[in-house]
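# Coordinates in review
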Amino acid sequence: MRTLVALCLLVLTAPAWLAACTSAGPAEPAASPFLNVVEGVEYVGDETCAQCHAELYESYQTHGMAQSFYRLTPENAVEDFSGVVLHHAASDFYYTPYREGDRFVQEEYRLGPGGEKTHRLVRSMDYVVGSGSAARTYLTREGERLYELPLTWYTQADGGRGRWDFSPGYEEGNARFSRTIPPRCMACHNGTSDPIASVDGAYAHVADGIGCEQCHGPGALHVEARLADPDAADSVDNTIVNPAHLPLDRRLDVCQQCHTNGTVSVLREGEEAFGFRPGERLDEYVAIYALAEDDPSRIGVISHAERMMQSACFVASAAMDCVTCHNPHEGFRDAGPEYFNATCRSCHATEPLQAAMPTPALQAQHAPGQNCFSCHMPKVEAEDAPHASFTDHYIRVVRDDRLEGAAVAGAEATLDPYFEKDEEGAEAAVYEGMAYVIYGRNEGGRDAMTRGVRLLAEAVSEQPAFGEAQFLLGFARLHLGQVGDAIPSLEEAVRLGPEIPERLNTLAQAYERARRDPAQIAELYRRALQAQPRAAEIRVNYGRLLETQGQLPAALAEYERAAAEDPWLAEAHYNRGTALLRTGRPDEGEAALNEAVRLQPDHADALQNLGVLYAQRGAFDAALRSFQQAVNAAPRNPNALANLALTHAQVGQVRQAREYAQQALAVQPGHPTAQQVLAALAGG
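Below you will find a few notes about this structure. Fair warning: this is a prediction, and the values are worked out from it, not measured in the lab.

## Side note on empty space enclosed by the protein
- Inspection of the entire model under this criterion finds one cavity of 30 Å³ or more.
- The space that makes up the largest cavity amounts to roughly 140 Å³.
- What lines the largest cavity is a set of 16 residues, and nearest its centre among them are Ala187, Gln214, Gln257, Phe274 and Phe276.
- Among the secondary structure elements, those contributing two or more residues to the lining of the largest cavity are helix H3 (183-189) and helix H4 (213-216).
- Here the element with the most residues in the lining of the largest cavity is H3; it accounts for three residues.
- Looking at the lining of the largest cavity residue by residue, the class counts come to nine nonpolar, four polar and three charged.

Shown next as structure tokens:
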């Protein structure tokens, strides 16, 4: 019999890309009476604000927004760490949170046949996201990268005692410890932070909670002016935004920058995640789309603004906004019902309202001391947050409204725009197409992505200068296997944004699939890495290209740089391991492959190559374990099946060898190693 199947081909890493975040050419700022919202005015941080506004600062620290992001410490821990274990059946991973002294961790493991742990990965719980009124979700930090953790503490569950469960989205698709935190998410879950461009989830600096400047804009101009002259020249200090002096729709936009619910949000051409400035038009910054809904009472966690604007109170007042009921500078969680009832009675006096009620029962319900909001703004379960209920901000007389809705049925999702400007027109078509591509990518839906391609193809023919739209059109076509059609859009995206790494990387991958000139492909990867040397996934791709061109030492250097830059990137360790084996350094190669498997225990290619290495050493028991794990991870991988068959044959396990060889041939008829195994068994 011949030797085992040769080392597996290197895996092409998935294209890294931005969800419509950056492109060439900043948008023109909206006119504003305040001077600090223009480009170039710097943020100063809450501590600077506190020097002159100490009382407001201290009051604001009790508000949920100030407590939206912070380090987890023994002093602020509220969770029960008494041995809870959650099993994710689809991936067969177990998770448990626990405390080690002053450190908090979440552990992932699997169990073997005898109940022993066969895989173990531990991540520290470094940051808390969420004020805790509904839940506390956790981030772990590796270097400058932030990753979401699989378990969340739901504070309202079990009658307020709290409960551990999977973080939103993890039960449907277990991202394990690989879900990075993009700037668009950080922009609303935290204050103004400093993302590292084109490095997924990496931040040079992260704030602690939503800060003053989220609503007032960057403060450097104001600080400079007031240090020079403590008194503003006019009654309204125009060196910093005061939302109270904005028109109603702009005041609402300040809150809606984070308190507007949508399935997909698409940054406008030229905008960045932290680019919105209070006082600007929100619809000039982002396009928001939500799944078409047939249940008017269905709400999301951040549906407050649009629900409020459906209310008669809002429509009739012409002045009501979010701060009518919510003082943005003080917490209200423990204020009691009277805090909000007093606001209701400022417009709806109790005595005449009670007298107008037609029945004694209704009169009793409207007596002094009754809670207005418990009936007119009932708490309901949000569709996107388990174990939690939220106040429905649609103020109304609740009659036969359904307070809980089911998901919309239907074969094809429909996205409805939130802003009127996105309902029709050439630019509206561009953003609609982008939204469908992003939705399809996020939800794994080919139908949505195909619809997005159809819309974008027509839209960019009329609006060709939208670089991110061209990129998403090319990305979607590449994802759908339409390589030839993808290339022109990606080339145009690169022309419009020549130094954006994601675009260069994706065009290089398209060229590879089209078998273009390797030198041209290598140049694209080099340009991407010149623009962002820390883009580890792109560096792996470049190394893989070099390896296929026979430049093994150069490829190995790229893999080593990628693994050093992003130690949790399994593909960097896997590719480094295979390269080390090929250069005759088996011990180092084995260590690198084992690290890839430690990070990704279902990495079938790494398991196969370990099996090859063990078999070549004559360690057949270890080889059988590795090949069996590879088959368990990829049951229809013909190489894994054939290698397992061959190893069983080499140790004399004829029945198993024949069974796996036949399975390999069922997947790939004519597989040479499987045929050789069966021929040898027949002749033996």
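Text resumes after the structure shown.
## As for the layout of surface pockets
- By volume, the second largest pocket is sized at about 850 Å³.
- His348, Leu353, Cys372, His376 and Ile395 are the residues nearest the centre of the second largest pocket, which is lined by 33 residues in total.
- Taken together, the elements giving at least two residues each to the lining of the second largest pocket come down to helix H8 (312-317), helix H9 (338-345), helix H10 (350-355), helix H11 (360-365) and helix H12 (373-376).
- Of the residues assigned to the lining of the second largest pocket, the class counts are 18 nonpolar, 12 polar and three charged.

## Let's talk about the nonpolar core
- Ranked by internal contacts, the top residues of the largest apolar core, which has 57 residues, are Val266, Met434 and Leu456.
- Among the elements that line this core, the one with the most residues is helix H13 (residues 426-443), at eight residues.
- In terms of nonpolar packing, the next biggest core, distinct from the first, is built from 33 residues, Leu641, Leu646, Ala657 and Tyr660 among them.

## A few points about the side chain of Gln470
- Along the chain, the position of Gln470 falls in helix H15 (residues 467-479).
- Setting aside anything within four residues of it in sequence, one finds Gln470 in contact with Val460, Pro464, Ser489, Leu490, Glu492, Ala493 and Leu496.

## Remarks on the packing of aromatic side chains
- Applying the stated rule across the entire model yields 19 aromatic pairs.
- Ring centres of Tyr431 and Phe466 lie 5.8 Å apart, and the angle between their planes is 80°; on these two criteria the pair is classed as edge-to-face. Note that Tyr431 is positioned in helix H13 and Phe466 in the loop between helix H14 (446-462) and H15, a separation of 35 residues in sequence. An identical accessibility class is assigned to Tyr431 and Phe466; each is buried.
- Aromatic ring contacts, followed pair by pair, group Phe81, Phe104, Tyr138, Trp153 and Trp164 into a single cluster.
- Over the aromatic face of Trp568 sits the side chain of Arg123, whose NZ or CZ is 3.6 Å from the ring centroid.
- Here the guanidinium or amino end of Arg268 rests over the ring plane of Tyr431, the centre of that ring lying 4.8 Å away.

## Some details on the state of the cysteines
- One pass over the structure, following the stated rule, counts one disulfide.
- Cysteine Cys322 shares no disulfide, and the gap to the nearest cysteine sulfur, in Cys255, comes to 3.7 Å.
- Accessibility expressed as a relative area gives 17% for Cys322, which makes it buried.
- Cys344 carries a free sulfur, and the closest cysteine sulfur to it, the one in Cys372, is 4.1 Å from it.

## Re the pairing of strand S5 (residues 117-124)
- Both strand S4 (residues 103-111) and S5 contribute to a ladder of seven bridges, which runs antiparallel. Bridge assignment links Glu107 to a residue of S5, and that residue is Val122.
- Following S4, the chain reverses through five residues before pairing antiparallel with S5; Gly115 in that reversal takes a positive phi of roughly 85°.

## Quick look at the sheet that holds strand S8 (residues 145-154)
- With antiparallel pairing, five strands are arranged side by side in an open sheet as S1-S6-S7-S8-S9. In this open sheet, the two edge strands, each paired with only one partner strand, are strand S1 (69-71) and strand S9 (163-166). In this sheet, adjacent strand axes meet at a mean angle of 35° when their direction is disregarded.
- Pairing of S1 with strand S6 (residues 127-129) involves three bridges; the strand directions are antiparallel. Residue Tyr70 lies in a different strand from S6, and its bridge partner there is Val128.

## Description of a negative patch on the surface
- A cluster of like negative charges, contributed by Asp416, Glu420, Glu423 and Glu424, occupies part of the molecular surface.
- Here Glu423 is to be found in the loop between strand S16 (415-417) and H13.
- Look at Glu423 and you get exposed, because its relative accessible area is 54%.

## Quick word on the pairing of strand S13 (residues 286-291)
- Where strand S12 (residues 264-267) lies against S13, four bridges are found, and the strand directions are antiparallel. From the neighbouring strand, Val266 faces S13, where its bridge partner is Ala287.
- Across three bridges, S13 lies against S16 in antiparallel orientation. When the bridges of S16 are listed, Tyr289 appears paired with Pro417.

## Brief notes about the pattern of salt bridges
- Summed over the entire model, instances satisfying the criterion amount to 37 salt bridges.
- Put simply, Glu148 and Arg179 hold a salt bridge, and the shortest N to O gap is 3.4 Å. Within this pair, whereas Glu148 is found in strand S8, its partner Arg179 is found in the loop between S9 and H3, the two being separated by 31 residues in sequence.
- Assessed through its relative accessible area of 24%, Arg179 is described here as partly exposed.
- Each member of the salt-bridge network shares a partner with another, and the members are Glu144, Arg145, Arg534, Glu565 and Asp566.

## Description of the packing of helix H19 (residues 536-548) against helix H21 (residues 570-582)
- Interaxial distance between H19 and H21 falls to 10 Å at its minimum, and their mutual angle equals 25°. Considering the angle they form, H19 stands roughly parallel to H21. By crossing handedness, the relation of H19 to H21 is classed as left-handed. In this structure, H19 uses Val540, Arg544 and Glu547 to contact H21, whose residues at the interface are Glu571, Ala572, Asn575, Thr578, Ala579 and Arg582.
- When its residues are assigned to classes, the contact of H19 with H21 shows three nonpolar, two polar and four charged.

Definitions and limits used
Residues numbered from 1 in each chain as written. Predicted model: local features only at pLDDT ≥ 70, side-chain atom pairs only at ≥ 80, totals over all residues. Heavy atoms only, no water. 1 Å grid on protein atoms, 1.4 Å probe; cavity = no way out; pocket = protein on both sides within 12 Å on 5 of 7 lines; lining within 4 Å. Points joined across faces, edges and corners; volume = space filled by probe spheres on them. Helix = DSSP H or I, 4+ residues; strand = E, 2+ residues; numbered from the N terminus. Nonpolar A, V, L, I, M, F, W, Y, C, P; charged D, E, K, R; others polar. Core = buried A, V, L, I, M, F, W, Y, C linked by side-chain atoms within 4.5 Å. Buried < 20%, exposed > 50% of the residue type's maximum accessible area, 1.4 Å probe, protein only. Contact = heavy atoms within 4.5 Å. Phe/Tyr/Trp six-rings, centres within 6.5 Å; stacked < 30°, edge-to-face > 60°. Lys NZ or Arg CZ within 6 Å of the ring centre and 35° of its normal. Disulfide = S-S within 2.5 Å. Pairing = 2+ DSSP bridges. Axes fitted to C-alpha atoms, helices over the stretch in contact; angles between N-to-C directions. Patch = residues over 30% accessible without salt bridge, like charges linked within 9 Å, V, L, I, M, F, W, Y side chains within 5 Å. Areas by Shrake-Rupley, 256 points an atom, 1.4 Å probe, with all protein chains shown as cover. Salt bridge = Lys/Arg side-chain N within 4 Å of Asp/Glu carboxyl O. Lys, Arg positive; Asp, Glu negative; His and termini not counted. Charge placed at Lys NZ, Arg CZ, Asp CG, Glu CD. Parallel < 35°, antiparallel > 145°, perpendicular 65-115°, else oblique. Left-handed = near helix turned anticlockwise from the far one by under 90°.

Honestly, it's all geometry; don't read function into it.
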